[in-house]
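# Structural features, examined
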Amino acid sequence: MDEKGKTKDNIKTRLDLTLFCNHKNMELVFDGSLVAKPRTSFVLEKKAQLLVYKWLKSLRFPDGHASNMLRLVIMEECRLYEMKSHDCHMFMQTLIPLAFHDLLPKGIWDALTENSHFFRGICSSKLNVDHIERFETNIIETIFPPSFFDLTEHLPIHLLHEAKVGGLV
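Residues numbered from 1 in each chain as written. Predicted model: local features only at pLDDT ≥ 70, side-chain atom pairs only at ≥ 80, totals over all residues. Heavy atoms only, no water.

Counting secondary structure elements, the protein chain contains 7 helices and 4 strands. Scanning the protein chain from its N terminus toward the C terminus, one meets helices and strands in the order α-β-β-α-α-β-β-α-α-α-α. Scored against the burial criterion, the 169 residues of the protein chain give a buried share of 29%. Accessible surface, the protein chain as shown: approximately 11900 Å² in total, 58% of it carbon and sulfur. (Helix = DSSP H or I, 4+ residues; strand = E, 2+ residues; numbered from the N terminus. Buried < 20%, exposed > 50% of the residue type's maximum accessible area, 1.4 Å probe, protein only. Areas by Shrake-Rupley, 256 points an atom, 1.4 Å probe, with all protein chains shown as cover.)

Looking now at the nonpolar core. Core analysis: the biggest nonpolar cluster contains 20 residues, and Leu56, Leu95 and Phe100 have the highest contact counts within it. Counting residues per element, the ones that place at least two in this core are helix H2 (46-58), helix H3 (69-72), helix H4 (85-99) and helix H5 (106-122). Considering each element in turn, this core owes the most residues, 5 residues, to H4. Residues contacting Leu95, with those up to four places away along its chain left out, are Trp55, Leu56, Leu59, Phe61, Met69 and Met90. In terms of nonpolar packing, the next biggest core, distinct from the first, is built from 8 residues, Ile122, Phe135, Ile139 and Leu160 among them. (Core = buried A, V, L, I, M, F, W, Y, C linked by side-chain atoms within 4.5 Å. Contact = heavy atoms within 4.5 Å.)

Moving on, we get to the pattern of salt bridges. In this structure the tally under the stated criterion is 2 salt bridges. When the shortest N-O distance is used, the salt bridge between Arg79 and Glu77 registers 3.6 Å. We classify Arg79 as partly exposed; its relative accessible area is 35%. (Salt bridge = Lys/Arg side-chain N within 4 Å of Asp/Glu carboxyl O.)

Once that is clear, we can look at the packing of H2 against H4. For the pair H2 and H4, the least separation of the axes is 11 Å and the interaxial angle reads 125°. The angle between H2 and H4 places the two elements in the oblique class. H4 is crossed by H2, and the crossing has right-handed handedness. Contacts between H2 and H4 pair Val52, Trp55 and Leu56 from the former with Phe91, Leu95, Leu98 and Ala99 from the latter. Looking at the contact of H2 with H4 residue by residue, the classes come out as 7 nonpolar, no polar and no charged. (Axes fitted to C-alpha atoms, helices over the stretch in contact; angles between N-to-C directions. Parallel < 35°, antiparallel > 145°, perpendicular 65-115°, else oblique. Left-handed = near helix turned anticlockwise from the far one by under 90°. Nonpolar A, V, L, I, M, F, W, Y, C, P; charged D, E, K, R; others polar.)

Attention now moves to unusual backbone geometry. Phi angles above zero are rare outside glycine, and Cys78 is one such case at about 50°. One can find Cys78 in the loop between strand S3 (73-74) and strand S4 (79-80). On the accessibility criterion, Cys78 (10% relative accessible area) is buried. Phi is positive for Glu82, close to 60°, though the residue is something other than glycine. With respect to the element layout, Glu82 can be found in the loop between S4 and H4.

With that settled, the discussion passes to the environment of Asp110. By the secondary structure assignment, Asp110 is in helix H5. Taking the C-alpha atoms as reference, Asp110 lies 8.2 Å from Thr142; in sequence the two are 32 residues apart.

Once that is clear, we can look at H4. Along H4, the largest kink reaches about 45° and is centred on Met92. Looking at H4, one finds that the buried residues are Asp87, Met90, Phe91, Gln93, Leu95, Ile96, Pro97 and Ala99. Buried residues in H4 make contact with H2, H3 and H5. (Bend = angle between axes of the 7 residues up to and from the residue.)

Honestly, that's just the spatial picture; any functional story needs more than this.
Put into C-alpha cells, the structure is as follows:
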C-alpha cells in the first residue's frame, strides 16, 4: 500500500462526490496541503464505542455457540482482539442489529440490519429460490453512503447468483 501513486483510502471516490452527488456533509475539506474527511454518520463517538464494548463483555452464550466475548474485548484500546471466523459470522449475523440499535441513525441501522439478515439467510442450511429472489431485491435496495461503498459491499449481489447456480456449499 505504500507504492507511489496509490492511496490508502478512497480519496478519489470522495472527490467524485463533489461532481456527482449532492452530499455537502461528506465532501473533503482542503486546508492548505492537508485533506480532512468529515466524520460520517456511521462512525461512533468514543463514549458509544465504550458502551458497545461494555455490552459485549457482559454477553454470555451457551457452550459451543460462540467464544467468550469477555476475552475478545480490549476496553483500553476500544477494539476486538483475536476473533475467530465463527465469532465474526455470529457477530455479523446476530449481534450487529442488537449492538447498534440505539447508537446509529435509523437509516444506517436499517442497512446494517438488512445486511445481517441477508448473511444469516444465505448461510442457512436450507435455501429456496423464493428466498434468494427476495434477498436479491432487498440487498440492492440496501443503500450505504457512497464513501462506504467499495468492492466488498458489491460482493453479496454475486453471492446470490452463485447460490442460485451452484446451490448450497
